[in-house]
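Structural description and commentary
Next come the chains, spelled out residue by residue.
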Amino acid sequence: MAPLATSRLTAAIAITVLTGWITQIDLLKNFAPGMIAMNPFTAGGLLAASTALFLRQPIDAPRERSIVGQLLAGTIIAMGVLNLLFRSHNLVGPGWLMLPPLSDGSLVEVNGARISLSFVLIGMSILFLNWKSSGGFRPAEAACALTAIIAILSLVAYSHYLTGFYTTSTYTPASLLTSISFFLLATGILLARADRGTLAIIVSETAAGMLARRLIPLAILLPILIGALRQTAERAGLYDPIFGAAHSATTFMILFFAAIWWTTRMLFRIDTNRMVAEGARQKQEEQVRQLNIEKIAAERASQAKDDFLAVLSHELRTPLTPALAAASYLAEHENLSPELHEEVVAIRTSVQLEARLIDDLLDLTRITRGKIELHLEVVDVHGLLRNSLEIARDNILQKQLDLVLNFGADRHHVWADAVRLQQVFWNLINNAVKFTKKNGRITIHTVNEDGRFVFQITDSGVGIEPEQLDRIFRAFEQGEHSISRRFGGLGLGLTISKRLLELQGGTITVHSEGLNRGASFKLSLASVERPETASVSRSIGDEAPARSLQLLVVEDHPQTLRVLATLLRKQGHKVLTAECVQTAIKLLEAERFDGLISDIGLPDGNGCDVMRVARQRQSLVGIALSGFGMEEDVRRSIDAGFDHHLTKPIDFQELEKFVGTMAQRTNHSTS
């Protein structure tokens, strides 16, 4: 903005003066009676210079416009050089270069050496505005600085009323308007490229730039203003020239010292604020660094916790496997007495509950870390409900609960993960059974509302206090503490159910009138159209094994290995056992097997290594056993070649079903 403003102001002064000469209005020639008037030749040159500066600004001005500005700058240089030649060789120039006084006696300036040199310097600075030497020298800056110095000397002379010392019969110094115009042009040209060269330092937000911006204008303006005030006071008779000179020098020293002190205090405050800001920044960086350290430590602690839970679950699951397998087998034994059968069922239920608690801990870890994987498909919810009720049937009969079912939803298919959705239903049904007293009532009904499938389960159990309703879906909370101690559990089932539903686009809400007044849970999922051709898959246990199988069981836990081998042999299978990878590989090299049942974690390697070797040597069906049940654990076992992955503790009936499919598969391959 500064270059445009100075060029326009200079052009306005020049046009006003030219108008005065054209219309012969003396006041427009010098702006004040008795002042030296501006020469029209000078006014024309200043108008050309201001126009050239306007055309060359900004730096990305169109090329045609910039060329016109350069041509004008060249013309200005030629004008100045020509006038210098006239003066240096005492040649007679045009008569209008040396004009007579105005009607009021005011002299007209003569285009002497100073004005001519100023035109040459201004023209050069505009012409070479964007050029610099290889060493970084900018001639435009130097030319403008010289022009400004010449103009400032004239302004100082005017402020001290010294122009009379330069005036002769053949020479009249530059007018005040001319000096002001050249100073404006020099300033505008310097500021036109303030982002480079010396001006870049002055306009920078540094201490040097701030010091220059405050002291340079004062160094220029103070002598001019003090001189003008001194001459005005002397002419008014306030003091004589000797006292005026001393007074002016003293005033200049005081004012300049005050300016320096003012600038120093400002720089001190800036430096102080900068140091405070730097200290605050360093403190903030230290806080951020500390937070990063704490974050890394927290992430490591979280990872260590997850790893610990995974290892803990493995160590807890492994000893439960032989107990559950044996209890499952004995519970189905026909010759078992009723009393002993009841005890065996209690053992199996307790082991299954313990396994469920372990699974809840791992599920919460999966959900929290965002590692849970969902396999979405069209699911018949009524079928899942019937399966869940079948799982809970023994507990319902044991407590003699009145179960009321009303499957009234016409659209009962949803897009969901069947396994995870059945887990939700099992949690809700299990909670209703657990918290309902003997001979109580559980009501389950389904409806369709606004295109959604709605499942609601209501019990007549212990209920929930109103202030506990907002906390019921939080992890490790089951409402009132006495109820938690009474019914046991970790308080994870509802938390997991809510998160699993949300991941599948569902919602769940709870309502209760208070303690001992029952509770009602309402689940909602978007319904979808029933598939046109529903694929009916045959249960994996529908058919019994067609023949005895040769099986290799690899397990490093002696009790688990013994129980599994014994139970499989009682089913008529030939079973060889191994407790490590090397023994298993030797047996695979020596024998042919129909199936491999292997633990994943082994003392000298990994069950996946056994499966890979088995795949290389023979065709068989692989069943992985592991206490690690995370999605990545299952994926690794499947990638290694296992057909199935069972998480410990395994139910022998479930293992028996997979062995049944193994028998069917081997029959088809041999037929």
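The following refers to the structure shown. (Residues numbered from 1 in each chain as written. Predicted model: local features only at pLDDT ≥ 70, side-chain atom pairs only at ≥ 80, totals over all residues. Heavy atoms only, no water.)

Moving on, we get to the overall build of the protein. Check the secondary structure of the protein and you find 21 helices and 14 strands. Scored against the burial criterion, the 671 residues of the protein give a buried share of 44%. Within the protein, contacts between residues at least 6 apart in sequence are counted, and of these 72% link residues at least 24 apart. Accessible surface, the protein as shown: approximately 34900 Å² in total, 60% of it carbon and sulfur. (Helix = DSSP H or I, 4+ residues; strand = E, 2+ residues; numbered from the N terminus. Buried < 20%, exposed > 50% of the residue type's maximum accessible area, 1.4 Å probe, protein only. Contact = heavy atoms within 4.5 Å. Areas by Shrake-Rupley, 256 points an atom, 1.4 Å probe, with all protein chains shown as cover.)

Bringing a nonpolar patch on the surface into the picture now. A grouping of Val81, Leu82 and Leu85 is seen on the molecular surface, where their side chains present a nonpolar patch of about 240 Å² in accessible area. Along the chain, the position of Val81 falls in helix 4 (residues 63-88). (Patch = residues over 30% accessible without salt bridge, like charges linked within 9 Å, V, L, I, M, F, W, Y side chains within 5 Å. Salt bridge = Lys/Arg side-chain N within 4 Å of Asp/Glu carboxyl O.)

Further remarks concern unusual backbone geometry. Despite not being glycine, Gln400 shows a phi value in the positive range, around 55 degrees. For Asn439, which is not a glycine, the phi torsion comes out positive at approximately 70 degrees. Along the chain, the position of Asn439 falls in the loop between helix 14 (418-434) and strand 4 (441-449). Note on Asn439: relative accessible area 53%, which makes it exposed.

Quick look at the packing of aromatic side chains now. Applying the stated criterion to the full structure yields 3 aromatic pairs. Where Phe119 meets Phe182, the ring centres are 5.1 Å apart and the plane angle is 70 degrees; that geometry is what we call edge-to-face. Placement of the pair is Phe119 in helix 5 (residues 113-127) and Phe182 in helix 7 (residues 176-192), with a sequence separation of 63 residues. With relative accessibility at 2%, the residue Phe119 sits in the buried group. Exposure remark for Phe182: the relative accessible area of 4% places this residue in the buried category. Directly above the aromatic system of Trp21 lies the positively charged group of Lys29, at a separation of 4.0 Å from the ring centroid. The lysine or arginine in question, Arg65, covers the ring of Phe54, its NZ or CZ lying 5.0 Å from the ring centre. (Phe/Tyr/Trp six-rings, centres within 6.5 Å; stacked < 30°, edge-to-face > 60°. Lys NZ or Arg CZ within 6 Å of the ring centre and 35° of its normal.)

Among the nonpolar cores identified, the biggest contains 38 residues, and Leu421, Leu428, Phe455, Ile457 and Phe521 are the most heavily contacted of them. Elements that contribute at least two residues to this core include exactly helix 12 (381-391), strand 3 (413-416), helix 14, strand 4, strand 5 (452-459), helix 16 (493-503), strand 6 (507-511) and strand 7 (519-528). Among the elements that line this core, the one with the most residues is helix 14, at 8 residues. Setting aside residues up to four positions removed in sequence, Phe455 forms contacts with Leu385, Phe425, Leu428, Ile444, His445, Thr446, Phe521, Lys522 and Leu523. Counting residues in each nonpolar core, the second largest holds 32 residues, with Val17, Ala73, Ile126 and Leu184 among its members. (Core = buried A, V, L, I, M, F, W, Y, C linked by side-chain atoms within 4.5 Å.)

This brings us to the environment of Ala212. Residue position: Ala212 is located in helix 9 (residues 207-235). Overall, the relative accessible area of 17% leaves Ala212 in the buried class. Counting along the chain gives 51 residues from Ala212 to Thr263, while the straight-line C-alpha distance between them is 9.8 Å. Excluding residues within four positions of it along the chain, Ala212 makes contact with Ile202 and Pro217.

It is worth spelling out the packing of helix 1 (residues 2-23) against helix 7 at this point. Direction vectors running N to C along helix 1 and helix 7 enclose 155 degrees, while the axes themselves pass 8 Å from each other. As the angle between them shows, helix 1 and helix 7 are arranged roughly antiparallel. The handedness of the crossing between helix 1 and helix 7 comes out as left-handed. Judged by residue contacts, Ala2, Pro3, Thr6, Leu9, Thr10, Ile13 and Val17 of helix 1 engage Leu177, Ser181, Leu184, Leu185, Gly188, Leu191 and Ala192 from helix 7. By residue class, the composition of the contact of helix 1 with helix 7 is 10 nonpolar, 4 polar and no charged. (Axes fitted to C-alpha atoms, helices over the stretch in contact; angles between N-to-C directions. Parallel < 35°, antiparallel > 145°, perpendicular 65-115°, else oblique. Left-handed = near helix turned anticlockwise from the far one by under 90°. Nonpolar A, V, L, I, M, F, W, Y, C, P; charged D, E, K, R; others polar.)

The next point concerns the sheet that holds strand 9 (residues 574-578). Within the open sheet, the 5 strands sit side by side as 9-8-10-13-14. Their pairing is parallel. Each edge of the sheet is formed by a strand with only one pairing partner; in this case those strands are strand 9 and strand 14 (644-647). For this sheet, the mean angle separating the axes of adjacent strands, direction not counted, is 20 degrees. Sitting on the sheet, helix 17 (residues 558-570) touches strand 8 (550-554), strand 9, strand 10 (595-599) and strand 13 (621-626), and the angle it makes with strand 9 is about 170 degrees. (Pairing = 2+ DSSP bridges.)

Quick look at helix 7 now. Relative to the 24 Å expected for 17 residues at 1.5 Å per residue, helix 7 spans 24 Å between its end C-alpha atoms, a close match to the ideal helical length. Residues of helix 7 that are buried include every one of Leu177, Thr178, Ser179, Ser181, Phe182, Leu184, Leu185, Ala186, Gly188, Ile189 and Ala192, and no others. If you follow the buried residues of helix 7, they end up packed against helix 1, helix 2 (27-30), helix 3 (40-55), helix 5 and helix 6 (139-159). (Expected span 1.5 Å × (residues − 1).)

A separate point is the pattern of salt bridges. The final tally for this structure, using the stated rule, is 14 salt bridges. Taking the shortest distance from any N to any O, the salt bridge between Glu449 and Lys522 comes out at 3.6 Å. Of this pair, Glu449 sits in strand 4 while Lys522 is found in strand 7, placing the two residues 73 residues apart along the sequence. A relative accessible area of 32% means that Lys522 is categorised as partly exposed. Connected through salt bridges with shared partners, the residues Glu278, Arg281 and Glu285 form a single ionic network.

A word on empty space enclosed by the protein. If a probe the size of a water molecule is rolled over the atoms, the empty space left behind becomes visible. The final tally for this structure, using the stated rule, is 3 cavities of 30 Å³ or more. Put simply, the second largest cavity is a space of about 60 Å³. Contributing to the lining of the second largest cavity are Arg114, Ile115, Ser118, Ile150, Ala151, Ser154, Ala174, Thr178, Ser179 and Phe182. Elements with a minimum of two residues in the lining of the second largest cavity: helix 5, helix 6 and helix 7. (1 Å grid on protein atoms, 1.4 Å probe; cavity = no way out; pocket = protein on both sides within 12 Å on 5 of 7 lines; lining within 4 Å. Points joined across faces, edges and corners; volume = space filled by probe spheres on them.)

Time to look at the packing of helix 1 against helix 3. The N-to-C vectors of helix 1 and helix 3 enclose an angle of 155 degrees; their axes lie 8 Å apart at closest approach. When the axis of helix 1 is compared with that of helix 3, the two are roughly antiparallel. In the packing of helix 1 onto helix 3, the handedness of the crossing is left-handed. Here helix 1 contributes Pro3, Leu4, Thr6, Ser7, Arg8, Thr10, Ala11, Ala14, Ile15, Val17, Leu18 and Trp21 to the contact with helix 3, which in turn contributes Pro40, Ala43, Gly44, Leu46, Leu47, Ser50, Leu53 and Phe54. Residue classes in the contact of helix 1 with helix 3 are distributed as 14 nonpolar, 5 polar and 1 charged.

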